Amino acid sequence: MAGAERVSQEATLYEFVGGRETFFRLADAFYRGVVVDPILGPMYPAEDMEGSRDRLALFLMQYWDGPQTYNEQRGHPRLRMRHFPFPIDEAARDAWLRCMMAALDEVGIPEPARQMMVNHFEHTANFLVNRQA
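Definitions and limits used
Residues numbered from 1 in each chain as written. Predicted model: local features only at pLDDT ≥ 70, side-chain atom pairs only at ≥ 80, totals over all residues. Heavy atoms only, no water. Salt bridge = Lys/Arg side-chain N within 4 Å of Asp/Glu carboxyl O. Helix = DSSP H or I, 4+ residues; strand = E, 2+ residues; numbered from the N terminus. Buried < 20%, exposed > 50% of the residue type's maximum accessible area, 1.4 Å probe, protein only. Phe/Tyr/Trp six-rings, centres within 6.5 Å; stacked < 30°, edge-to-face > 60°. Axes fitted to C-alpha atoms, helices over the stretch in contact; angles between N-to-C directions. Parallel < 35°, antiparallel > 145°, perpendicular 65-115°, else oblique. Left-handed = near helix turned anticlockwise from the far one by under 90°. Contact = heavy atoms within 4.5 Å. Nonpolar A, V, L, I, M, F, W, Y, C, P; charged D, E, K, R; others polar.

> Hey, could you run me through the pattern of salt bridges in this one?
Pairing is possible between side chains of opposite charge, provided their charged atoms come close. All chains considered together, the criterion is met by 6 salt bridges. The closest approach of N and O atoms between Arg53 and Asp28, which form a salt bridge, is 3.1 Å. Placement of the pair is Arg53 in helix α3 (residues 49–63) and Asp28 in helix α2 (residues 20–36), with a sequence separation of 25 residues. Residue classification places Arg53 among the buried residues on the basis of a relative accessible area of 19%. The partner of Asp48 in a salt bridge is Arg55, and the shortest N-O contact between them spans 2.5 Å.

Here it is in structure tokens:
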């Protein structure tokens, strides 16, 4: 799964933001928000929070033209299929986006990469809505 555009002629988004370390920091910041969120927290099994964090970081790294480790370990992402068991309505989508936007801010993702990531996250969050409120 190739990522979207390159940030510049010289760098992919993965390289531009700082590579593996940055994506793991982003996933850590995101899950700090998830565990205290009243909508999202119950959706994530506490005993697998580290696994969830790792899968998110690896997926994002791969999407943004980093190593293909996610595919090697888990196969094609199949996002809708993997998320279908979870009741994702507009409130859950909005909570997920709030946590991710806060994580982007905490990590300090620079422009233009930040806006590219925001666009992707908004599109994906809308795509994964599978229930009406």
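> Any chance you could explain the packing of aromatic side chains here in plain terms?
The description of an aromatic ring pair rests on the distance of the ring centres and on the angle between the ring planes. A full pass over the atoms with the stated rule returns 7 aromatic pairs. Ring geometry for Tyr63 against Trp64: centres 4.7 Å apart, planes inclined by 85°, an arrangement best described as edge-to-face. Comparing Tyr63 with Trp64 shows no difference in burial state: the two are buried. Grouping aromatic residues by their ring pairs yields a cluster made of Phe30, Tyr31, Tyr44, Trp96 and Phe121.

> In this structure, what is going on with the packing of α2 against α3? I would like to understand it.
Relative orientation and spacing of two packed helices are given, respectively, by the angle between their axes and the distance between those axes. Where α2 meets α3, the closest approach of the two axes is 9 Å, and the angle between their N-to-C directions is 135°. As judged from the angle between their axes, α2 and α3 are oblique. Considering only the axes of α2 and α3, their crossing is right-handed. Contact with α2, carried on its side by Arg20, Phe23, Phe24, Leu26, Ala27, Asp28, Phe30, Tyr31 and Val35, involves Met49, Ser52, Arg53, Asp54, Leu56, Ala57, Leu58, Leu60 and Met61 of α3 and no other residues of that element. Grouping the amino acids of the contact of α2 with α3 by side-chain chemistry returns 13 nonpolar, 1 polar and 4 charged.

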